[in-house]
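# Observations on the three-dimensional arrangement
Chain by chain, the residues:
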Amino acid sequence: MHIALIYMASGFSRRFGGNKLLAPLAGIPLYRHGFDHLQDAARRIESALSCSCRLYVVCQYDEILSWCRAHDAIAVKNAAAGEGMAASVRLGVETSAAVDAWAFFAADQPFLSGKTISDFVVQYAQSGCGIGCAVSGCRRGSPAIFSHVYKDELLALQGDKGGRAILEKYKDDLWSFTMPEGELCDIDTRDDWEAAERQLEKKRLD
(Lines give C-alpha, C1' and ligand atoms only; values in the text may rest on other atoms or scores of the structure.)
Protein backbone atom coordinates (compact mmCIF):
# COMPACT_ATOMS: atom_id res chain seq x y z
CA MET A 1 0.00 0.00 0.00
CA HIS A 2 1.15 3.53 -0.84
CA ILE A 3 -0.35 6.52 0.97
CA ALA A 4 0.22 10.20 0.18
CA LEU A 5 -0.16 12.87 2.86
CA ILE A 6 -0.96 16.11 1.02
CA TYR A 7 -0.12 19.26 2.98
CA MET A 8 -1.99 22.21 1.46
CA ALA A 9 -0.22 25.50 2.12
CA SER A 10 -1.40 27.82 -0.65
CA GLY A 11 -3.79 30.18 1.14
CA PHE A 12 -3.63 33.99 0.95
CA SER A 13 -4.36 34.62 4.67
CA ARG A 14 -6.71 37.50 3.82
CA ARG A 15 -8.50 37.39 7.19
CA PHE A 16 -5.16 37.33 8.99
CA GLY A 17 -3.73 40.38 7.27
CA GLY A 18 -0.40 38.92 6.21
CA ASN A 19 1.14 35.56 5.37
CA LYS A 20 0.16 33.60 8.48
CA LEU A 21 2.06 30.50 7.35
CA LEU A 22 5.38 32.29 7.82
CA ALA A 23 4.41 34.10 11.02
CA PRO A 24 6.08 32.63 14.14
CA LEU A 25 3.80 30.72 16.51
CA ALA A 26 5.68 29.96 19.74
CA GLY A 27 8.82 30.97 17.85
CA ILE A 28 8.27 28.57 14.92
CA PRO A 29 6.62 29.47 11.56
CA LEU A 30 3.04 28.23 11.54
CA TYR A 31 3.48 25.89 8.57
CA ARG A 32 6.29 24.00 10.32
CA HIS A 33 4.04 22.88 13.18
CA GLY A 34 1.84 20.87 10.84
CA PHE A 35 4.80 19.77 8.71
CA ASP A 36 6.59 18.28 11.71
CA HIS A 37 3.43 16.49 12.88
CA LEU A 38 2.90 15.01 9.40
CA GLN A 39 6.49 13.78 9.17
CA ASP A 40 6.01 12.10 12.55
CA ALA A 41 2.70 10.63 11.37
CA ALA A 42 4.24 9.24 8.18
CA ARG A 43 6.76 7.25 10.22
CA ARG A 44 4.02 5.94 12.51
CA ILE A 45 1.79 4.97 9.56
CA GLU A 46 4.58 3.11 7.79
CA SER A 47 5.29 1.14 10.97
CA ALA A 48 1.63 0.36 11.71
CA LEU A 49 0.59 -0.62 8.18
CA SER A 50 3.92 -1.84 6.77
CA CYS A 51 3.35 0.52 3.85
CA SER A 52 4.93 3.44 2.04
CA CYS A 53 3.79 6.88 3.25
CA ARG A 54 5.18 10.11 1.78
CA LEU A 55 4.55 13.75 2.53
CA TYR A 56 3.73 16.09 -0.38
CA VAL A 57 3.58 19.86 0.12
CA VAL A 58 1.48 21.96 -2.28
CA CYS A 59 2.32 25.63 -1.84
CA GLN A 60 2.61 28.93 -3.70
CA TYR A 61 5.41 30.33 -1.52
CA ASP A 62 9.00 29.68 -2.60
CA GLU A 63 10.46 30.04 0.89
CA ILE A 64 8.20 27.30 2.23
CA LEU A 65 8.79 25.06 -0.78
CA SER A 66 12.57 25.31 -0.42
CA TRP A 67 12.49 24.50 3.29
CA CYS A 68 10.18 21.52 2.82
CA ARG A 69 12.30 20.08 0.00
CA ALA A 70 15.34 20.35 2.24
CA HIS A 71 13.49 18.38 4.92
CA ASP A 72 12.56 15.28 2.92
CA ALA A 73 9.18 16.27 1.49
CA ILE A 74 8.09 16.38 -2.13
CA ALA A 75 7.21 20.05 -2.59
CA VAL A 76 5.17 21.30 -5.56
CA LYS A 77 4.64 24.88 -6.69
CA ASN A 78 0.98 25.89 -6.93
CA ALA A 79 0.76 28.50 -9.68
CA ALA A 80 -3.06 28.41 -9.60
CA ALA A 81 -3.56 29.27 -5.93
CA GLY A 82 -5.95 32.06 -6.87
CA GLU A 83 -8.52 29.49 -7.99
CA GLY A 84 -9.00 28.15 -4.48
CA MET A 85 -8.68 24.85 -2.67
CA ALA A 86 -9.49 22.63 -5.65
CA ALA A 87 -6.23 23.62 -7.38
CA SER A 88 -4.24 22.31 -4.40
CA VAL A 89 -6.21 19.07 -4.37
CA ARG A 90 -5.71 18.44 -8.08
CA LEU A 91 -2.00 19.24 -7.95
CA GLY A 92 -1.48 16.96 -4.98
CA VAL A 93 -3.25 14.09 -6.73
CA GLU A 94 -1.43 14.64 -10.05
CA THR A 95 1.97 14.73 -8.36
CA SER A 96 1.39 11.53 -6.39
CA ALA A 97 -0.76 9.69 -8.94
CA ALA A 98 0.45 6.12 -8.31
CA VAL A 99 -0.82 5.73 -4.73
CA ASP A 100 -3.67 3.86 -3.06
CA ALA A 101 -5.01 6.80 -1.03
CA TRP A 102 -4.63 10.55 -0.59
CA ALA A 103 -5.04 12.23 2.79
CA PHE A 104 -5.40 16.04 2.75
CA PHE A 105 -4.35 18.38 5.54
CA ALA A 106 -4.53 22.16 6.00
CA ALA A 107 -1.41 24.09 6.99
CA ASP A 108 -3.20 26.23 9.58
CA GLN A 109 -4.03 23.50 12.14
CA PRO A 110 -0.96 23.46 14.43
CA PHE A 111 -2.51 21.29 17.16
CA LEU A 112 -3.25 18.24 15.00
CA SER A 113 -0.71 15.80 16.44
CA GLY A 114 1.30 13.13 14.67
CA LYS A 115 -0.37 10.42 16.75
CA THR A 116 -3.86 11.63 15.87
CA ILE A 117 -2.99 11.86 12.17
CA SER A 118 -1.57 8.34 12.29
CA ASP A 119 -4.62 6.97 14.12
CA PHE A 120 -6.87 8.63 11.52
CA VAL A 121 -5.05 7.11 8.53
CA VAL A 122 -4.48 3.67 10.07
CA GLN A 123 -8.08 3.27 11.22
CA TYR A 124 -9.33 4.47 7.82
CA ALA A 125 -7.22 1.78 6.14
CA GLN A 126 -8.78 -0.79 8.47
CA SER A 127 -12.34 0.50 7.96
CA GLY A 128 -12.90 -0.91 4.49
CA CYS A 129 -14.42 2.40 3.33
CA GLY A 130 -13.24 4.45 0.38
CA ILE A 131 -13.52 7.85 2.07
CA GLY A 132 -12.67 9.02 5.58
CA CYS A 133 -13.16 12.38 7.26
CA ALA A 134 -12.63 14.04 10.61
CA VAL A 135 -15.48 14.86 12.99
CA SER A 136 -15.29 17.30 15.90
CA GLY A 137 -18.57 18.25 17.55
CA CYS A 138 -20.95 19.18 14.73
CA ARG A 139 -18.08 19.85 12.34
CA ARG A 140 -17.26 17.28 9.65
CA GLY A 141 -14.65 17.50 6.90
CA SER A 142 -10.93 18.24 6.87
CA PRO A 143 -8.71 16.35 7.22
CA ALA A 144 -10.13 13.87 4.74
CA ILE A 145 -8.78 10.81 2.95
CA PHE A 146 -9.84 9.26 -0.38
CA SER A 147 -8.97 5.95 -2.02
CA HIS A 148 -7.66 5.80 -5.60
CA VAL A 149 -11.22 4.92 -6.67
CA TYR A 150 -12.04 8.64 -6.36
CA LYS A 151 -9.08 9.90 -8.38
CA ASP A 152 -11.17 11.17 -11.31
CA GLU A 153 -13.60 12.96 -9.00
CA LEU A 154 -10.75 14.65 -7.14
CA LEU A 155 -9.18 15.77 -10.41
CA ALA A 156 -12.53 17.17 -11.57
CA LEU A 157 -12.88 19.54 -8.59
CA GLN A 158 -13.01 23.25 -9.39
CA GLY A 159 -12.94 26.48 -7.41
CA ASP A 160 -12.78 26.69 -3.63
CA LYS A 161 -14.91 23.65 -2.72
CA GLY A 162 -12.26 21.03 -1.92
CA GLY A 163 -13.48 17.48 -1.43
CA ARG A 164 -16.61 18.22 0.60
CA ALA A 165 -18.90 17.61 -2.37
CA ILE A 166 -17.45 14.11 -2.74
CA LEU A 167 -18.05 13.41 0.96
CA GLU A 168 -21.70 14.42 0.55
CA LYS A 169 -22.17 12.44 -2.65
CA TYR A 170 -20.83 9.12 -1.33
CA LYS A 171 -22.07 8.97 2.25
CA ASP A 172 -22.55 5.21 1.98
CA ASP A 173 -18.77 4.84 1.51
CA LEU A 174 -17.83 7.36 4.21
CA TRP A 175 -16.06 6.53 7.47
CA SER A 176 -15.77 9.13 10.24
CA PHE A 177 -13.04 9.65 12.82
CA THR A 178 -13.71 11.65 15.99
CA MET A 179 -10.84 14.04 16.61
CA PRO A 180 -9.60 14.89 20.12
CA GLU A 181 -11.06 18.15 21.36
CA GLY A 182 -9.07 21.20 20.32
CA GLU A 183 -6.85 19.53 17.72
CA LEU A 184 -8.82 20.91 14.75
CA CYS A 185 -8.29 24.52 15.80
CA ASP A 186 -7.77 26.71 12.68
CA ILE A 187 -5.65 29.86 12.67
CA ASP A 188 -7.64 32.29 10.51
CA THR A 189 -7.51 35.62 12.36
CA ARG A 190 -5.20 37.50 14.73
CA ASP A 191 -7.58 36.56 17.58
CA ASP A 192 -7.14 32.88 16.67
CA TRP A 193 -3.40 33.44 16.71
CA GLU A 194 -3.41 34.96 20.18
CA ALA A 195 -5.59 32.14 21.50
CA ALA A 196 -3.19 29.57 20.02
CA GLU A 197 -0.22 31.32 21.63
CA ARG A 198 -1.97 31.17 25.00
CA GLN A 199 -2.79 27.48 24.50
CA LEU A 200 0.80 26.61 23.63
CA GLU A 201 2.11 28.58 26.58
CA LYS A 202 -0.29 26.75 28.89
CA LYS A 203 0.87 23.38 27.52
CA ARG A 204 4.48 24.41 28.04
CA LEU A 205 3.85 25.36 31.66
CA ASP A 206 1.84 22.20 32.36
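## Regarding the nonpolar core
Across soluble globular proteins, nonpolar side chains have a tendency to be buried as a group. Counting residues in each nonpolar core, the largest one holds 48 residues, and the members touching the most others are Leu5, Tyr7, Ile45, Val57, Cys68 and Phe105. When residues of this core are traced back to their parent elements, those giving at least two are β1 (2-9), α1 (30-49), β4 (52-59), α2 (62-70), β6 (101-106), α4 (114-127), β9 (174-178) and α7 (190-205). Residues in contact with Val57, not counting those within four places in the same chain, are Tyr7, Phe35, Leu65, Cys68, Ala73, Ile74, Ala75 and Val76.

## Notes on the packing of aromatic side chains
Considering all chains together, one arrives at nine aromatic pairs under this definition. Between the aromatic rings of Phe120 and Trp175, the centroid separation amounts to 6.0 Å while the plane-to-plane angle is 25°, which identifies the pairing as stacked. Of this pair, Phe120 sits in helix α4 while Trp175 is found in strand β9, placing the two residues 55 residues apart along the sequence. Take Phe120 and Trp175: they sit in the same class, and that class is buried. Seen from the ring of Phe16, Arg190 lies directly overhead, with NZ or CZ sitting 3.8 Å from the centre.

Cut-offs and rules
- Residues numbered from 1 in each chain as written.
- Predicted model: local features only at pLDDT ≥ 70, side-chain atom pairs only at ≥ 80, totals over all residues.
- Heavy atoms only, no water.
- Core = buried A, V, L, I, M, F, W, Y, C linked by side-chain atoms within 4.5 Å.
- Buried < 20%, exposed > 50% of the residue type's maximum accessible area, 1.4 Å probe, protein only.
- Helix = DSSP H or I, 4+ residues; strand = E, 2+ residues; numbered from the N terminus.
- Contact = heavy atoms within 4.5 Å.
- Phe/Tyr/Trp six-rings, centres within 6.5 Å; stacked < 30°, edge-to-face > 60°.
- Lys NZ or Arg CZ within 6 Å of the ring centre and 35° of its normal.

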